[in-house]
Amino acid sequence: MLPLASALVLPGTTPDCSSFAQSVQLSGYNATYLNATYYTEHSVSGYGVYNDIPFCEVYASISYGSNDTLVFATWLPNRKAYEDRFMAVGNGGMAGIIDYGGMITQLNAGMGFAVACGNAGHLASENNDGGGAPGVYIPYLHDKEQVTAWIHDAISLFTPAAKALVGAYYGHEARHAYYDGCSTGGAQGFALAQYHPELFDGIVAGSPGNWYSHLALSFLWNAKASATNASKLSQDTLNFITNATLNACDLNDGVADRLIENPLACNFTIDSLACNAAAANRSTCLTPAQLQAAKAIYAGPVRSDNGTQLYPGFDIGSESSWLYQEGLLSNAFSVPILQNLVYDNLGYDASSFNWASDVADLDANAGTLIDEISPNLSAFKDCGGKLLVTQGWADAYNAATWPIQHLEQVEDFFDGSVAEWFRLFMVPGGGHCGAAAAYKNVPATYHTVAKLVSWVEGGDAPEEVLGTDPPDGSSRTRKLCSWPATARYVSGDVDDWNSYVCE
């Protein structure tokens, strides 16, 4: 273990931000101090929310690879607000920026965190502002070290230096280290468990894209399925399908709330919506081409030679969230990854992708660098780590059953339950890292971090997680259950999570 960053701190005091930062020595971590600023409360915002706690912000950079740099920020709250806990925050999408909103969330969480976040080792401003597009050169996808940093090493590169800053500022190391990330950040969480198991005591991985290469394949598959005017599924059509699924399965959990608790238990057939020859209004039925497109999205991508599943399909009740799947996500992720990372050819025509022979190219040139799917998480388990995963059933990006399948893969590897250290919470009507547009009545804030802290520090394995703050502004709460348990209504107010049990 490297020593704490060197700085003179009097016991029981909060050091002056600027003088502390200028005196700290970080060279042992390949880190260089950049600047520091002290912020009073309500002076910094993220996601439209201001900081409740004064803090010292320290920027530093990490040198990695042959000539690459990662920039990170560490927020050090006043001593009276600090409870000896370190929290690292992940990135989203193609990263390249620091997630200040996520940092604000953790700073204000009331858990006493010192918080850090980095830009994943490249700059969005130098990479098409952090978004992909067909035919556009994305520099970091041509730099193997930056690609590896993006997901596999994004958090591990800055965490030792950030921990050292925390230790130097308060005079001792944090007692516990936590991580919270969603989407790409969820993949980064699995990367920590797989490749850097010693760094964190507890990890929250939301909507994890940890099979990133094949997640991109699913975007391409769904875009292909809906590529023609005849097969396009408009938002009105998608809403029509979802309403039909709710009519069929809403009451499965005993509550009429326009929500399906467990889509896997829903007995619904898309063929029931087929137009008949006499149908005059095609907005209330599906044409053969639309049926074929919907079935392809439900099914998910498969190899064309032997039918092997390449990624799960989408689930019943998620249809209203499919619009992005009809080309937008493919153009933003699949095509740029194929053109820049897999084939190094901006003229590559993604519609020519061979769903048999070309899968090997994707796995070799992308999967090895951006996937985190090993079921062997023995080192993380042996370090005492805890992994808490969330996934919305109506996620617009990630097929919801992927985290379930991956949990089953881990259970198979360990030949039984892994509930002692790995828990998955599925969110009925939940979207990608929060709310789904069609389910405004569904609480979209998941109180996972508090549960994780209790699990790590008190040994209280979470059987349920509280969901609050639905987009409709109501006070409705929901009970999220440790999979495979689901919430069943017992009695009382149907909008109160205490009226449900997990079973």
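Above this note sits the structure.
Sequence positions are assigned chain by chain, starting from 1 and proceeding in written order. This being a predicted model, a pLDDT of at least 70 is required before a residue's local features are given, and a value of 80 or more before pairs of side-chain atoms are given or counted; all residues contribute to the totals for chains, interfaces and linings. Hydrogens and waters are ignored; side-chain quantities use all the structure's heavy atoms.

**With respect to the sheet that holds strand β1 (residues 31-39)**
Okay, step 1: A pair of strands is treated as paired once DSSP finds two or more bridges between them. By definition, any uninterrupted DSSP run of H or I lasting at least four residues is a helix, any uninterrupted run of E lasting at least two residues is a strand, and each is numbered from the N terminus. Taken together, nine strands build an open sheet; the order of strands is β1-β4-β5-β7-β6-β8-β9-β10-β11 and the sheet is mixed. Only two strands of the sheet have a single neighbouring strand rather than two, namely β1 and β11 (422-427). Each strand axis lies, on average, 15 degrees off the axis of its neighbour in the sheet, ignoring direction.
Okay, step 2: Relative to strand β7 (residues 113-118), strand β5 (residues 68-77) runs antiparallel, the two sharing four bridges. Looking across to β7, one finds that threonine 74 is bridged to alanine 116.
Okay, step 3: Contact definition: two residues touch when any of their heavy atoms are within 4.5 Å. Note on geometry: axes are C-alpha line fits, over the in-contact stretch for helices, and angles between N-to-C directions span 0 to 180 degrees. Along the sheet face, helix α5 (residues 184-195) touches β8 (176-182), β9 (202-206), β10 (386-392) and β11 and points at about 140 degrees away from the line of β8.

**Some remarks on the layout of surface pockets**
Okay, step 1: The pocket and cavity definitions rest on a 1 Å grid over protein atoms only: a 1.4 Å probe that fits but cannot leave marks a cavity, an open set with protein on both sides within 12 Å along at least five of seven lines marks a pocket, and residues lining either have an atom within 4 Å of a point. Grid points are joined across faces, edges and corners, and a volume is the space filled by probe spheres set on the points. Approximately 1200 Å³ is the volume found for the largest pocket.
Okay, step 2: If you go around the largest pocket, you meet 41 residues; those closest to its centre are Tyr47, Gly102, Thr105, Gln106 and Asp180.
Okay, step 3: Elements with a contribution of two residues or more to the lining of the largest pocket: α2 (100-107), β8, β9, β10, β14 (445-446) and α13 (448-458).
Okay, step 4: The biggest single contributor to the lining of the largest pocket is α2, with five residues.

**Digging into the pairing of β5**
Along any regular strand the residues' side chains alternate between the sheet's two faces.
Okay, step 1: Burial classes: relative accessible area under 20% of the type maximum marks a residue as buried, over 50% as exposed, and values in between as partly exposed (1.4 Å probe, protein chains only). The buried fraction of β5 amounts to eight of the ten residues, a majority that puts the element mostly inside the structure.
Okay, step 2: In the sheet, strand β4 (residues 55-64) pairs with β5 via ten bridges, with the strands oriented antiparallel. Directly across from glutamate 57, in β5, lies its bridge partner tryptophan 75.
Okay, step 3: Counting the residues between successive antiparallel strands, the hairpin from β4 to β5 contains three residues, one of them, glycine 65, with a positive phi of roughly 65 degrees.

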